[in-house]
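# Notes for the structure review
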Amino acid sequence: MQQREDFLLKAYELGIIKFGNFTLKSGIESPFYVDLRPLSSSPQLLKTLSNNLLELVENSPFELICGVPYAALPMGTTMSLASGIPLIIKRKENKGYGTKRMVEGVYHDGQNCLLVEDVITSGQSLLETIDEIEREGLKVTDIVVVLDREQGGIQKLKAKGYTVHTLFTINEAIDILHRYHRLDDADLARIKNFLNNPPAPPEIKRVPLEQKNINHPVGKRLIEIALKKKSNLIASADVISSAELIRLAEEVGDYIVALKLHTDIIKDFSFDLIDKLKQIAREKEFLLFEDRKFADIGNTQELQFKEGIYKIGSWADMITSHVIAGEESLKVFENLGVVAIVEMSSKGTLTDDYYITKALNVAENAPNVMGAVAQRKISDDLLLFTPGVNISSSADGKGQQYNTPERVCKNYHTDFMIVGRGIYQSANAAESAKEYQTKGWQAYLESLN
Ligand code: BMP
């Protein structure tokens, strides 16, 4: 007992818990902040901690130790050195070459691995780590955690059958620091109040379409059409003949803000088709959106955009482009609106958080980019386009993943939802488009409140 308290007091001196006013990642204002990384700066404390953690799992069966990166990596390593039990290392991201394994070290199927974590909050990131370890064929039964922030993480893991051993709960740690006069009565009361009545994260208000900070003329036009037609629907016309495409455009035209095309799947493409589509688009007020997804160096993209059979640059109002080749490669798309692909809707997409952050950065800095395709909230300076929307299906068996209009409008603050098969494969495309328009606009209006 005394040893645990001594450890906490020394760790406190290193700065693992700070008191004051801190804004957490969730936006919540917290009266304390926990960061166990400074422990690595004291080998002696790290050793004491590792002995304490090993004691907690004395009776648990495990043959391997894995510290969840990064804060718990040195803890796991120290426990391995002290116990003689081998360490495995879980990567935060796949290095993309060599063995391509997510877990490094010597291990075999069915071995039991103890997970070591510094702080548990909601338990979500631990569950993701467990999933990755289990996918390597390893078994996880026990997890040892230095500090439980008491925000439901332990219960979540317990419900899934895992045993979590904790060295301190946040309440215990606070009580010890108070008892040893590291915390005065007023601060103790403030922190206890925060812990007993955890505030909900502040709601990020959605900006109405007309107030979005969009300067691109095509973006402005899209917003104008949306407000006039009360529609945030883009129909994806993935049909393969001119006749089907024209029929679809006529049937759904009244309900949409744009018709998204993949012209390279049309078997009888001609400029007569484009002329006809332009005429319908004019009559029914929608834009033509070519989903070409350019992904090359600027010079090649320019040729693909202006030349070839489709001469996209001569007729499209909007196009999609990956931003993988960097900002300069986007300059070649002149006189129309570019929608950057920053995150894809399909299962296992390689557009991870790291890529998305960098891609959004490129998109925000390129003047001809008016929006982005993504499955998450993005900056109000860009329009958010979200494909993978379907009312009656959750997947297509080929990797596509679907959300409902409600979910994308309310959770992601999607400005324009893109619906393909939900409309063109339905028995009555016009009726379906009307239904998506009504549901999408209703969800948009509700998401403003
Ligand atoms: P559907 O609703 O039938 O699954 O069609 C979705 C459309 O959106 C397709 O044309 C696809 O190419 C496009 N799309 C997508 O599904 N996910 C993305 O991440 C990006 C897309 O452009």
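Going by the structure above, here's the rest.
Residues numbered from 1 in each chain as written. Predicted model: local features only at pLDDT ≥ 70, side-chain atom pairs only at ≥ 80, totals over all residues. Heavy atoms only, no water.

Next up on the list: helix α8 (residues 217–229). For an α-helix, 3.6 residues make a turn, and residues three or four places apart therefore share a direction. In this model α8 runs 18 Å from its N-terminal to its C-terminal C-alpha over 13 residues, within 8% of the 18 Å that 1.5 Å per residue would give. Among all positions of α8, only Val218, Gly219, Leu222, Ile223, Ile225, Ala226 and Lys229 are buried. Projected onto a plane normal to the axis of α8, the buried residues spread over an arc of 160° and lie on a single side. The exposed residues of α8 that point more than 90 degrees off its buried face are Pro217 and Lys228. Taken from the residues just after α8, lysine 230 is the one with a positive phi, measuring 50°. (Helix = DSSP H or I, 4+ residues; strand = E, 2+ residues; numbered from the N terminus. Expected span 1.5 Å × (residues − 1). Buried < 20%, exposed > 50% of the residue type's maximum accessible area, 1.4 Å probe, protein only. Arc of directions from axis to C-beta.)

Next up on the list: the sheet that holds strand β7 (residues 142–148). The strand order β5-β4-β3-β6-β7-β8 describes an open sheet built from six strands, whose pairing is mixed. Looking at the sheet topology across the chains shown, the edges are occupied by β5 (103–104) and β8 (163–169). Bridge count between β7 and β8: six bridges; the pairing is parallel. Bridge pairing links aspartate 142 to threonine 163 in β8. Packed onto the sheet, helix α6 (residues 170–179) meets β7 and β8 and runs at close to 20° relative to β8. (Pairing = 2+ DSSP bridges. Contact = heavy atoms within 4.5 Å. Axes fitted to C-alpha atoms, helices over the stretch in contact; angles between N-to-C directions.)

A word on the pairing of β8. With five of its seven residues buried, β8 lies for the most part within the structure. You can see the chain leave β7, run along helix α5 (residues 153–159) and come back into β8, and the turn it takes is right-handed. (Right-handed = clockwise from strand over helix to strand, strands pointing away.)

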